[in-house]
Amino acid sequence: MRTITRRAMSAFVLAACFLAGSSGGRGAEAQTVLRMTWYSDGNEGEVMADLLRRFEDKNRDIHVVLDQVPFKAINENLPVQLASGQGPDIARVSDMGGLARHMLDLRPYLKNADYWEANYGPFLQWMRVPGDTSSIPGFMTQLTVTGPFVNKTLFEQAGVAMPGPKSSWEDWAKAAKEVADKVQAPFPIAFDRSGHRFFGLAISEGAAVFDGKGQPAVVDDGFKRAAKLIYDWHNSGVMSKELWGSVAGATYRGANEEFKNAQVVMYESGSWQISQFDKTIGTAFDWVAVPTPCGPANCSGMPGGAALVGIKSTKHPEQVARVLDYLASEDVIAEFYARSLFVPGHLGLARKGLDYKDASPVANAALKVFSDSVNQLAPAANQLQGYPASRVILNAVISRLGQAVAGEVTLDEAYKRISGDVEQQLAERNKK
């Protein structure tokens, strides 16, 4: 009886070892499993999954688990995970400066660091902690620019002419309200409830954001002009409190669903929306991207984007670098940008231009508008995007401005609270 039991046990162990070694159909080689946390605005998650499958076909010793999560999880949950050392190996992030201290320096593990510097160099600084001039944490999955989308069909139905290039925000507000009144659209103008989106308006109104020493000086005359516009638009019906009033604090609230449903005349968001609008709107109505309206200072939007970065707490830095080296290579990243309909965050490809062969004529035209707007970005916009504690500023602004819109505080009270919040939170960060 004992002999039979031992033989049965031996057979079980051998079978278990065989199954473990051949899991996933990849032979008996040992595999390193990496986790990538990823969010999508459009179809880029599908594209990334396809690229990772092809990487694994050529690198059978690495398996990448793609954890797709909502943007809110990236914005709110991921920082907590990283602070506790429980984060993934790789993550797609938008708050690059705020998470820089958690990022892995890939440089020692890359095949050709010079390639990264030459093509991603200007954006690497967005991912570095102050004083760091050499690390290579990751690459831009997209370069984004804020700007408006317009429902052209509603303008035509209303018989109202669309304002032309270099028109002011006030020109667009007047026209959008006229259109909405005539066609009974509930949202003449919708802004994403986001500090980042607000600053596209504020910088065009003359907000400098920083003083001469590079320290935050958020509330100035230009900032107040922009805040007053948002406040007045909510009170006059140009903007609806239904959007910003549906959430509180620094919580993000987009209006992409409302725009797709033809409820919004003009939607201030950004280039990352092109892919999903191209797919979901179809022929329901004609939509266009238009140049960012002008303020008294300039016609600037806000730059931004998302980077795919290695995480410092990973136990497999070499394998992480192999994955990112592959994804950042020119042919692969060109395919990713083209299939996702993204403005390239790669200098070589930006110079050559991309063939967005899967995009409709409408999407191609929108991509050109946003690509051209990169040249209109004001220095203050680039400075804010690259500031390591930009999230402190953006969250304070949208939280307090949201309170003013909701009628909980006056604008003057909001200004004081914004300045106080920024000062307090920066002091807390500096203690760490």
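Everything discussed here concerns the structure shown above.
So, a few notes on the structure that sits alongside this text. Remember, predicted model here, so these are calculated numbers, not experimental data.

## Brief notes about the overall build of the chain
- Broken down by element type, the chain carries 19 helices and 8 strands.
- Taken over C-alpha atoms, the radius of gyration comes to 24 Å for the chain, in line with the 22 Å a tight globule of 432 residues would show.
- Projected onto its principal axes, the C-alpha coordinates of the chain cover approximately 90 × 55 × 50 Å.
- Within the span of the chain, comprising 432 residues, buried residues form 53% of the whole.
- Intrachain contacts of the chain at a sequence separation of at least 6 include 74% that bridge at least 24 residues.
- Surface accessibility of the chain: about 19,100 Å² in total, with carbon and sulfur atoms responsible for 51%.
- One way to put it: in the chain the 45 positive side-chain charges average out to a point 6 Å from where the 47 negative ones average out.

## Things to note about helix H5 (residues 113-124)
- In this model, H5 (12 residues) spans only 12 Å end to end at C-alpha, well below the 16 Å of a helix rising 1.5 Å per residue.
- Listing the buried residues of H5 in full gives Ala113, Tyr115, Trp116, Asn119, Tyr120, Gly121, Phe123 and Leu124.
- On its buried face, H5 sits against strand S4 (138-151), helix H13 (317-328), helix H14 (330-340) and helix H15 (347-352).
- The opening residue of H5 is Asn112, an N-cap whose side-chain oxygen sits 3.2 Å from the backbone nitrogen of Asp114.

## Points about the nonpolar core
- The biggest cluster of nonpolar side chains holds 137 residues, and the ones touching the most others in it are Phe199 and Leu327.
- For this core, the element with the most residues is helix H18 (residues 390-405), which contributes 9 residues.
- Setting aside residues up to four positions removed in sequence, Phe199 forms contacts with Val209, Val218, Phe223, Met302, Leu384, Ile393, Leu394 and Val397.

## Re the state of the cysteines
- For the structure on display, the rule yields 1 disulfide.
- Linked covalently through their sulfurs, Cys294 and Cys299 form a disulfide whose S-S length is 1.9 Å. Between Cys294 and Cys299 the disulfide shows an S-S torsion of about 95 degrees. By sign, it is right-handed. Here Cys294 and Cys299 have matching classes, each one buried.

## Structural notes on the packing of helix H2 (residues 44-58) against H13
- Here H2 crosses H13 at 115 degrees, and the two axes come no closer than 11 Å. In the packing of H2 onto H13, the handedness of the crossing is right-handed. Each of Met48, Leu51, Leu52, Arg54 and Phe55 in H2 lies in contact with H13, whose residues at this interface are Arg322, Val323, Tyr326 and Leu327.
- Here the residues of the contact of H2 with H13 are counted per class, giving 7 nonpolar, no polar and 2 charged.

## What about the packing of aromatic side chains?
- In the structure shown here, the tally under the stated rule is 29 aromatic pairs.
- Taking the centre distance of 6.3 Å and the plane angle of 85 degrees together, the rings of Tyr115 and Tyr120 count as edge-to-face. Of the two residues, Tyr115 and Tyr120, both sit in the buried class.
- Ring centres of Phe259 and Phe277 lie 5.0 Å apart, and the angle between their planes is 35 degrees; on these two criteria the pair is classed as tilted. On the criterion of sequence distance, the pair formed by Phe259 in helix H11 (residues 256-260) and Phe277 in helix H12 (residues 274-280) is long-range, its members being 18 residues apart. For the pair shown, Phe259 and Phe277 are each scored as buried.
- Among the aromatic side chains, those forming a connected cluster through ring pairs are Phe149, Phe259, Tyr267, Phe277, Phe285, Trp287 and Phe370.
- Over the aromatic face of Trp38 sits the side chain of Arg92, whose NZ or CZ is 4.6 Å from the ring centroid.
- Between the NZ or CZ atom of Arg92 and the centre of the ring of Tyr39, over which it lies, the distance is 4.6 Å.

## Quick look at the pattern of salt bridges
- Per the counting criterion, the structure on display carries 22 salt bridges.
- With a shortest N-O distance of 3.7 Å, Arg391 and Asp95 are connected by a salt bridge. Here Asp95 lies in the loop between strand S3 (90-93) and helix H4 (96-99) and Arg391 lies in helix H18, a separation of 296 residues in the sequence.
- With a relative accessible area of 21%, Arg391 lands in the partly exposed category.
- Since its relative accessible area comes to 13%, Asp95 is described here as buried.
- Between Glu335 and Arg339 there is a salt bridge, with its nearest N and O atoms 2.8 Å apart. You can see Glu335 and its partner Arg339 sitting in helix H14, 4 residues apart, about one turn around the helix.
- Assessed through its relative accessible area of 22%, Glu335 is described here as partly exposed.

Definitions and limits used
Residues numbered from 1 in each chain as written. Predicted model: local features only at pLDDT ≥ 70, side-chain atom pairs only at ≥ 80, totals over all residues. Heavy atoms only, no water. Helix = DSSP H or I, 4+ residues; strand = E, 2+ residues; numbered from the N terminus. Rg over C-alpha atoms; globule rule 2.2 N^0.38 Å. Buried < 20%, exposed > 50% of the residue type's maximum accessible area, 1.4 Å probe, protein only. Contact = heavy atoms within 4.5 Å. Areas by Shrake-Rupley, 256 points an atom, 1.4 Å probe, with all protein chains shown as cover. Lys, Arg positive; Asp, Glu negative; His and termini not counted. Charge placed at Lys NZ, Arg CZ, Asp CG, Glu CD. Expected span 1.5 Å × (residues − 1). Polar contact = N/O pair within 3.5 Å; in protein donor to acceptor, adjacent residues only side chain to side chain. Core = buried A, V, L, I, M, F, W, Y, C linked by side-chain atoms within 4.5 Å. Disulfide = S-S within 2.5 Å. Axes fitted to C-alpha atoms, helices over the stretch in contact; angles between N-to-C directions. Left-handed = near helix turned anticlockwise from the far one by under 90°. Nonpolar A, V, L, I, M, F, W, Y, C, P; charged D, E, K, R; others polar. Phe/Tyr/Trp six-rings, centres within 6.5 Å; stacked < 30°, edge-to-face > 60°. Lys NZ or Arg CZ within 6 Å of the ring centre and 35° of its normal. Salt bridge = Lys/Arg side-chain N within 4 Å of Asp/Glu carboxyl O.

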